[in-house]
Amino acid sequence: MAEPSLRRFRPTASAPWDEVRAAHLLNRAGFGGPPEEVRRLVALGPDGAVEELLGYERTPEAFPPPDYSELGRLADEAEALRRTGADEAARRALAQRIVRSQREALQATREWWVARMVQTHRPLQEKMVLFWHGLLVSGFPEVRNPVLLYQQNELFRRMALGNFKALILAISRDPAMLTYLDNASNRKGRPNENYARELLELFTMGIGHYTEQDVKEAARAFTGWTFRGTEFVFNRAQHDDGVKTFLGRTGPFDGTDVIDIIFEQPATARFLPRRLFEFFAGYRPPDGLVEELARTFRAVDFEVGPLVRTILRSEAFYAPQALRAQVKSPAQLVIGTARLLGLGSEAARALTLAMDLMGQALLIPPHVGGWPSGEGWITTSTILVRYNFAGLLTNGQMPGVPRRAAGGLRPVEVAGLLDGAETAGEAVAALIRRFLPGAVLDRKRTFALLRALGANRPTDSVRFTLQRVRTALHLILSMPEYQLC
């Protein structure tokens, strides 16, 4: 197998720009889409398709935020109780109402984001929001105020393809992050190292490129970085303005200086390119390719958009080891299927719960390292949940999803899935084009699909009843091939 290369992908007779490669691009740089969307990218050509995805700001889009007014009213009520010196019982009752309201608002925020990913006309922007959420991790229960998580989610959206260094500065001042990694309580004389450590290890450089003393000195530099309400505040009285030595440099550094020094390090230029390549292409890049990406990244002063363009246009992105080789994350599986079936926002609650059951509870990450990737998503229990998800879509039932939540799903419209097929073989081909582009099914699976449609041979003309098509759809969504993109 040839070494992956960042050379611009040029279609050839053996590697044409066709629906298989366009679907690959749409899956990795978004969440996939129906055949008509894939065909539109085919018509644009490989470079035009990438530019269409990157230029999402040309597409107007507005999603009203969740309603947080109840949290505001309860905060006012708490302040009034504090001023009047209410008794313990009243304060405890109000505290319980606040906790309940925060949980409801958190769930509303999660469903709002899922609905947005399903309905967006800016798939690359939402895919990048998901990427940043998995890299610059914050979440419940450490962050109890869902308004802060919503605010961070919007930050990722605004800066999705912007400047990495500017994003690191912004996330260092983000109230959700200041809460999640305890920097809000990082004070002069009592430094808290949590944020400084993860900034170096998980967000910018990776382990092995700094010392424990660097962590301690960086923590001192970030003292006094806190927030009030939903806004960043620099508390000068709590800031250690003494001399620090960090990554070989000495001075009275603050957090901004530390970030400047981090971005002078060769390891930082390699860190994000490697993570983005693995996220989009789905396999570990060789060191030479990472070095080439790092040079590109430095040349554009850490702008993320040009880096993503380089990856998505490359031969390496369309290499055999990339095509249909990535295990879908729960978000990819659930959002992608919803987009293929044209589901609406009313399905968001059931889809969010299904994703939770598969192990990816958005805004509730397992730890600061984020979620697993690749085969790490598949266990004996989660594979069963994935198969059950097919039942949710085809008959409205899934263990673990309450009936009232599943009730938001309208019956799957199957009439448009067969592209006017007249024979069972044509129907199977239409389903494979939509749900398994590029996959090759063996005879056993193909025959199972024919039988689900009431046929024995591809040439059989059959009546495509609702139940038969849903049975065939259930089979496809349960296949191992459907777990890959």
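That block above? That's the structure.
Residues numbered from 1 in each chain as written. Predicted model: local features only at pLDDT ≥ 70, side-chain atom pairs only at ≥ 80, totals over all residues. Heavy atoms only, no water.

Q: For this particular structure, what's the right way to read the environment of Gly 242?
A: Its location among the elements puts Gly 242 in the loop between strand 2 (231-234) and strand 3 (244-246). A relative accessible area of 22% places Gly 242 in the partly exposed class. C-alpha of Gly 242 to C-alpha of Cys 485: the two residues are 243 residues apart in sequence and 52 Å apart in space. Setting aside its immediate chain neighbours within four residues, Gly 242 contacts Arg 220, Gly 251, Pro 252 and Phe 253. (Helix = DSSP H or I, 4+ residues; strand = E, 2+ residues; numbered from the N terminus. Buried < 20%, exposed > 50% of the residue type's maximum accessible area, 1.4 Å probe, protein only. Contact = heavy atoms within 4.5 Å.)

Q: Could you clarify how one ought to interpret the pairing of strand 1 (residues 225-228) in this entry?
A: For a regular strand, the rule is simple: side chains alternate between the two faces of the sheet. In terms of strand pairing, strand 1 meets strand 2 through four bridges, oriented antiparallel. For Thr 226, the partnering residue across the bridge sits in strand 2 and is Val 233. Between strand 1 and strand 2, which pair antiparallel and follow one another directly, the connecting turn spans two residues, one of which, Gly 229, has a positive phi of 65 degrees. (Pairing = 2+ DSSP bridges.)

Q: Is there a simple way to think about the packing of helix 4 (residues 88-119) against helix 16 (residues 348-358) in this case?
A: A pair of packed helices is captured by two measures, namely the crossing angle of their axes and the spacing between those axes. Where helix 4 meets helix 16, the closest approach of the two axes is 9 Å, and the angle between their N-to-C directions is 100 degrees. It follows that helix 4 is roughly perpendicular to helix 16 by the angle criterion. Between helix 4, through Gln 107, Arg 110, Glu 111, Val 114, Ala 115 and Val 118, and helix 16, the contact on the second element is made entirely by Ala 348, Arg 349, Leu 351, Thr 352, Met 355 and Asp 356. The residue makeup of the contact of helix 4 with helix 16, split by class, is six nonpolar, two polar and four charged. (Axes fitted to C-alpha atoms, helices over the stretch in contact; angles between N-to-C directions. Parallel < 35°, antiparallel > 145°, perpendicular 65-115°, else oblique. Nonpolar A, V, L, I, M, F, W, Y, C, P; charged D, E, K, R; others polar.)

Q: Any chance you could explain unusual backbone geometry here in plain terms?
A: Comment: phi is negative for the bulk of residues other than glycine, and the bulk of peptide bonds are trans. With an omega of 10 degrees, the peptide bond running from Phe 140 to Pro 141 counts as cis. Position of Pro 141 relative to the elements: it lies in the loop between helix 5 (123-135) and helix 6 (146-158). Of note in this structure, Leu 247 is not a glycine but carries a positive phi near 50 degrees. Residue position: Leu 247 is located in the loop between strand 3 and strand 4 (249-251). You will see that Asp 419, though not glycine, has its phi angle at about 50 degrees, which is positive. Tracing the backbone shows Asp 419 in the loop between helix 18 (403-406) and helix 19 (424-435). Residue classification places Asp 419 among the partly exposed positions, given a relative accessible area of 41%.

Q: Help me understand the packing of helix 17 (residues 380-395) against helix 21 (residues 466-477), please; the structure alone is not making it clear to me.
A: Between helix 17 and helix 21, the least distance of the axes is 8 Å, while the angle of their chain directions is 155 degrees. On the basis of the axis angle, helix 17 is roughly antiparallel to helix 21. Crossing angle aside, the handedness with which helix 17 passes helix 21 is right-handed. Two secondary-structure elements touch here, helix 17 through Tyr 387, Ala 390, Gly 391, Leu 393 and Thr 394 and helix 21 through Arg 470, Leu 473, His 474 and Leu 477. Of the residues that constitute the contact of helix 17 with helix 21, the class distribution is five nonpolar, three polar and one charged. (Left-handed = near helix turned anticlockwise from the far one by under 90°.)

Q: Looking at this structure, I do not really get the nonpolar core. What am I missing?
A: Across soluble globular proteins, nonpolar side chains show a tendency to be buried alongside one another. Membership of the largest hydrophobic core comes to 158 residues, with the highest contact counts inside it found for Leu 25, Met 128, Trp 132, Leu 136, Leu 276 and Phe 435. If near-sequence neighbours (up to four positions away) are discounted, Leu 276 is found in contact with Met 128, Phe 131, Val 304, Leu 307, Val 308 and Ile 311. (Core = buried A, V, L, I, M, F, W, Y, C linked by side-chain atoms within 4.5 Å.)

Q: I tried to follow helix 10 (residues 212-221) on my own but got confused; where do I start?
A: What sets the pattern is the α-helix's 3.6 residues per turn: residues three or four places apart point alike. Within helix 10, seven of the 10 residues are buried, leaving the element largely enclosed by the surrounding structure. Here helix 10 has its buried residues at Asp 214, Val 215, Glu 217, Ala 218, Ala 219, Arg 220 and Ala 221. On the buried face of helix 10, the contacting elements are helix 9 (194-204), strand 1, strand 3 and helix 11 (255-262).

Q: When you look at the environment of Ala 316 in this model, what are you seeing that I'm missing?
A: Note on placement: Ala 316 falls in the loop between helix 14 (304-312) and helix 15 (330-341). Relative accessible area serves as the criterion here: at 0%, Ala 316 is assigned to the buried category. Residues Ala 316 and Pro 285, 31 residues apart in the sequence, show an inter-C-alpha distance of 8.8 Å. In this structure, Ala 316 is in contact with Pro 4, Ser 5, Phe 277, Tyr 283, Leu 289 and Ala 322, ignoring residues within four places of it in sequence.

Q: Teacher, can you tell me more about the packing of aromatic side chains here?
A: One pair of aromatic rings is described through two measures. These are the centre distance and the angle between the planes. Under the definition given, this model contains 19 aromatic pairs. The structure contains a cluster of three or more aromatic residues connected by ring pairs, namely Phe 131, Trp 132, Phe 164, Phe 263, Phe 279, Phe 280, Phe 297 and Phe 302. Between the NZ or CZ atom of Lys 127 and the centre of the ring of Phe 31, over which it lies, the distance is 5.3 Å. (Phe/Tyr/Trp six-rings, centres within 6.5 Å; stacked < 30°, edge-to-face > 60°. Lys NZ or Arg CZ within 6 Å of the ring centre and 35° of its normal.)

Q: Hey, could you run me through the pattern of salt bridges in this one?
A: Opposite charge on two side chains makes pairing possible when the charged atoms of those side chains draw close. Under the defined criterion, the tally for this structure stands at 35 salt bridges. Asp 47 is paired through a salt bridge with Arg 8; the nearest N and O atoms lie 2.8 Å apart. A residue pair is termed long-range when its members are at least 10 positions apart, and Asp 47 in helix 2 (residues 35-54) and Arg 8 in the segment before helix 1 (19-28) qualify at 39 residues. Taking relative accessible area as the criterion, Arg 8 reaches 36% and is therefore assigned partly exposed. Salt-bridge contacts for Arg 220 lead to Asp 240; the nearest nitrogen and oxygen are separated by 2.7 Å. (Salt bridge = Lys/Arg side-chain N within 4 Å of Asp/Glu carboxyl O.)

Q: Can you walk me through helix 1 in this structure?
A: Of all 10 residues in helix 1, eight are buried; the element is thus mostly enclosed. All of the buried residues in helix 1 are Arg 21, Ala 22, Ala 23, His 24, Leu 25, Leu 26, Asn 27 and Arg 28. Among the structural elements, helix 2, helix 5, helix 12 (266-281), helix 14 and helix 15 are those in contact with the buried residues of helix 1. Among the residues of helix 1, the N-terminal cap falls to Asp 18, whose side-chain oxygen and the backbone nitrogen of Val 20 are separated by 3.3 Å. (Polar contact = N/O pair within 3.5 Å; in protein donor to acceptor, adjacent residues only side chain to side chain.)

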